[in-house]
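For reference, the chains in residue letters:
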Amino acid sequence: MSTRDTEILHAGEGVPSSATPITTPIYSATTFTFPNAAELEKFQQGTSTHYIYSRYANPTVQAAEAKLAAAEGGEAALVTGSGMAATSTALFGLLQAGDEVLCASSIYGGTVQVLTQFLDRFGVATRFVSMEALGDVGPHFGPKTKVLWFETPTNPTLRCVDIASVAAACRAKGVISIVDNTFASPINQQPLALDADLVMHSATKFLNGHSDVTAGALVGSRAIIDRVTPARKLLGGILEPASAYALARGIKTLAVRVARHNANAQAVAEFLEQQKQVSRVFYPGLASHPDAAIARKQMSGFGGMVCFECAGGYEGAVRTFDRLKLFQRAASLGGVESLCSLPVLTSQYGLDDIQLAAAGVTRGMLRLSVGLESSTDLIDDLRQALV
Ligand SMILES: *Cc1c(COP(=O)(O)O)cnc(C)c1O
């Protein structure tokens, strides 16, 4: 290599001091330079906020974390490479062999599998409690219960858990309460303000909101985030900077997007409730929803997810599903475009009748992630599909 080659290699690197960008740039660097040994020593002693390596911390990732902490009203946040990375970071960070997790029975399938197929192998047991039992959870705590995990609203029937009441029961017993706030989004519901200890998100959904980033997040007090930070660092679940940039950009429009999701979903739910081909509609913003009162108490909007049951059972659901033109047939949720899924062929696939009944799911159900299109167009699509 010639000197010119060395020059080419190093020329123009680093951050120009004269440039003050309006957004935090994508710091795609995997490592950060130190001016001297003294600075490195200060970093290792924890007395400098220098960056060293992007698996530990990265400025672009931290920009997204700052937005998430602001959105949830938390002191600190951690962004991860997926919602499941957030879940595993929290659980592996907080639990040890001999501990027990109390978990709501209606919960994201991946969370169930981490608990029963991984943590179980490391001596952490899980006990599942019904939605009814969560109404008065105190008597269900055991001597080894360390964490209570739940989500609200749940998938797909949007049942709601009274966050303040569960969080108070947890505080009284020194149990850490963790809420998967993916379906509500922090615009509609802020569990930390209701005394929950930790909020988990699949940022893949409403937070990013454009169906193009897989990411996750944890938000809570500085103390609890400090407790789980080593797990993200050592299990390696941090998000990479380009995706963190996209996530931070998505979060900037979260409030306006969620307001539109809320309004569109309410309009769609009210329309569906009037249709003779629909036997039941599940939306927390409808008076007919079993948890409408809890939802009104703790949510400022009812979200973009709507579930309904076709009067024609599975055949009716399949017929409607296949006829949709604007709603696209896809799993996932929370993006700008409206999606429809068939729970028995996606999130509840392979469950027998007893398990389906326990999850409150029927074969005739369709789940909508109502996007940002015109509500008139969305309703017209559902009308032509419901025959
Ligand atoms: C999607 C989802 C998850 C998992 O998140 P990923 O980003 O797919 O890892 C967890 N909880 C809920 C409620 C979800 O919808």
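Residues numbered from 1 in each chain as written. Predicted model: local features only at pLDDT ≥ 70, side-chain atom pairs only at ≥ 80, totals over all residues. Heavy atoms only, no water.

**Re the sheet that holds strand β2 (residues 100–104)**
Test applied: Should DSSP find at least two bridges between two strands, the strands are taken to pair. Working definition: helices are DSSP H or I runs of at least four residues, strands are E runs of at least two. Numbering for both runs from the N terminus. Every axis corresponds to a line fitted to the C-alpha atoms, with the helix fit spanning only the stretch in contact, and the corresponding angles, defined between N-to-C directions, vary from 0 to 180 degrees. Contacts are assigned to residue pairs with any non-hydrogen atoms lying within 4.5 Å of each other.
Spatially, the seven strands line up as an open sheet ordered β1-β7-β6-β5-β4-β2-β3, and their pairing is mixed. With partners counted over all chains shown, the strands left at the sheet margins are β1 (76–80) and β3 (125–129), one partner each. Averaged over all adjacent pairs, the angle separating strand axes in this sheet is 20°, with direction ignored. Summarising the sheet, β2 and strand β4 (residues 145–151) pair through four bridges and their orientation is parallel. Directly across from Glu-100, in β4, lies its bridge partner Thr-145. Sitting on the sheet, helix α3 (residues 59–72) is in contact with β1, β6 (198–202) and β7 (216–220), with an inclination near 125° to β1.

**Points about the pattern of salt bridges**
Note on pairing: side chains with opposite charge can pair once their charged atoms come close. Convention followed: Any carboxyl oxygen of Asp or Glu within 4 Å of a side-chain nitrogen of Lys or Arg constitutes a salt bridge here.
A complete count under the given rule lists 12 salt bridges for this structure. Here Lys-146 ties to Asp-99 by a salt bridge, and the two come within 3.1 Å at their closest N and O atoms. Here the residue Lys-146 occupies a position in strand β4, and Asp-99 occupies one in the loop between α4 (83–94) and β2, the gap between them amounting to 47 residues. Put simply, Asp-380 and Arg-383 hold a salt bridge, and the shortest N to O gap is 2.9 Å.

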